[in-house]
Amino acid sequence: MQRRHFLGAAPAALGAVLPARANTSFEGTSAAPGLGTVPALATAPMRASVDRLIDVTVCTRPFRAQGPRIEAEQRHGKTIVHHYGHGGSGWSLSWGSARVAMALVLARRPTHVAVIGSGAIGLTTARVAQRSGLRVRIYCKDRPPEVRSSAATGLWTPDSRICTTAAMPAAFASQWEAMARSSFKTYQSLLGLAGEPVEWRDGIALSDIPFDQPLADDDTEPDYPDLAARIADIHPRSQPLAPHQHPFRAPYARRFTQMTFNIASYQRLLMDDFLREGGELETREFAHPREFGGLREPVVVNCTGYGARALLGDDSIVPVRGQTARLVPQPEVDYMLSYRGHNLIAIPRRDGILVATQEARDFGNADAAVDRGVSERAVERLAELFA
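Residues numbered from 1 in each chain as written. Predicted model: local features only at pLDDT ≥ 70, side-chain atom pairs only at ≥ 80, totals over all residues. Heavy atoms only, no water.

A. Molecular detail of the nonpolar core. Counting 47 residues, the largest nonpolar core has Trp91, Val105, Val113, Trp176, Tyr187 and Phe261 as its most contacted members. Contributing elements (two or more residues each) for this core: α1 (90-106), β6 (112-116), α2 (120-131), β7 (135-140), α3 (172-188), β10 (252-261), α4 (263-276) and β12 (299-302). Setting aside chain neighbours within four positions, we find Phe261 in contact with Trp91, Ser92, Gly154, Leu155, Trp156, Tyr187, Pro197, Val198 and Arg349. Residues Met46, Val333, Leu344 and Val355 belong to the second largest nonpolar core, which totals 24 residues. (Core = buried A, V, L, I, M, F, W, Y, C linked by side-chain atoms within 4.5 Å. Buried < 20%, exposed > 50% of the residue type's maximum accessible area, 1.4 Å probe, protein only. Helix = DSSP H or I, 4+ residues; strand = E, 2+ residues; numbered from the N terminus. Contact = heavy atoms within 4.5 Å.)

B. Examining the confidence of the model for the protein more closely. Averaged over all residues, the pLDDT of the protein is 90; the fraction at 70 or higher stands at 89%. Low pLDDT (under 50) marks residues 1-36, which in the prediction has 158 contacts with non-local residues, meaning those over four places away or in another chain. (pLDDT = per-residue confidence, 0-100.)

C. Focus on unusual backbone geometry. Pro144 connects to Pro145 through a cis peptide bond whose omega is 10°. Mapped onto the elements, Pro145 comes out in the loop between β7 and α3. In this structure, Glu196 is a non-glycine residue whose phi angle is positive, near 50°. Checked against the element boundaries, Glu196 lands in the loop between α3 and β8 (198-207).

D. Quick look at the sheet that holds strand β5 (residues 78-84). Taken together, 6 strands build an open sheet; the order of strands is β4-β5-β12-β6-β7-β11 and the sheet is mixed. Each edge of the open sheet carries a strand with a single partner, namely β4 (69-75) and β11 (280-283). On average, each strand axis in the sheet is tilted by 20° relative to the strand beside it, whichever way the strands run. Looking at chain direction, β5 and β12 are connected through 4 bridges and run parallel. Of the residues in β12, the one forming a bridge with His82 is Asn302. (Pairing = 2+ DSSP bridges. Axes fitted to C-alpha atoms, helices over the stretch in contact; angles between N-to-C directions.)

E. Summary view of the pairing of β12. Side chains of β12 alternate between two faces, with Val299 and Val301 and Val300 and Asn302 buried alike. Inspection of the sheet shows β6 paired to β12 by 4 bridges, in the parallel sense. Looking at the pairing, Ala114 lines up with Val300 of β12.

F. Here's a closer look at the pattern of salt bridges. Counted according to the given criterion, the structure contains 21 salt bridges. Across the salt bridge formed by Arg137 and Glu280, the nearest N and O atoms sit 3.1 Å from each other. Residue Arg137 is found in strand β7, and its partner Glu280 is found in strand β11; the two are separated by 143 residues along the sequence. Within the structure, one salt-bridge network assembled from shared partners comprises Asp55, Arg326, Arg349 and Asp351. (Salt bridge = Lys/Arg side-chain N within 4 Å of Asp/Glu carboxyl O.)

Printed below as a string of structure tokens:
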């Protein structure tokens, strides 16, 4: 299977957006009835200039070739349910994945459960446990917004670096579909809440070549399976735009619709709900899993993400560096913009216009140091689209 490098709004999802490295394309999407029937998209210009950069952040995505580790073991006098390794799909799959993990927890019939970690997977797992009637205590070294998940791009990309084609278990595609559908349904219940934690946005994808023509491949990453077609019925299809329907000079353009997360308000919502329903937080760092044996709870859910590599000595976790930058918020900008083959995507969020890139050296790179120059060059490329 050929790996796709940029984006496509596939039948199910916006694919291969730069930082997420999802694996879908425009291939197989239905054509619009006619270019004239596709509404033009209002595009208030993004004020893309380096002096408007207000934040640059790096996160480390926890990729596993086999897919997320969701399994239970008896160790150190506890039932430990491992729940980590979601690559670039942590936020997107979190609710469905947490429900899979919770089945393993509930099999032990506990009344109290410990959750290790307060990132995307940890917070969501804690909420699913509470909804299952359990008392929950989160143990964590850092809390939002200091956790790695706070630096996520904020796009619904459930197939982003979730596993490799070669290592994907036989039953994983079906499990992935169930998790994706479960998460999607939950996210629809969060639309319209204060702070807009979840929103649907339109966007324009630009390309110098037809979207059904692949970009040049490289050997920096493994091949990922095409999974998005399995959920084609729950996501709008992209449609081609004629030159007069958008202001950009790229010869090819498509309009897409994508679910997005305003990470800051969404994390706050999860934390507020967790505490309001009796959840407890304890600041603690674990150096070895034997320390789980000293916890009060009989069942421990290990949601340490990339931290599991050091904590458990799990070398199956591969770091994938991701750097994002934010420009000063522009409430009048309500569309996303991506430029296929130019390493660029811009996403309007409540906390700023997020500008993300994907570099050839990101896969296998655990370096969390900010390279401001990378983001400045991305902002300059974005500015050229509005010149």
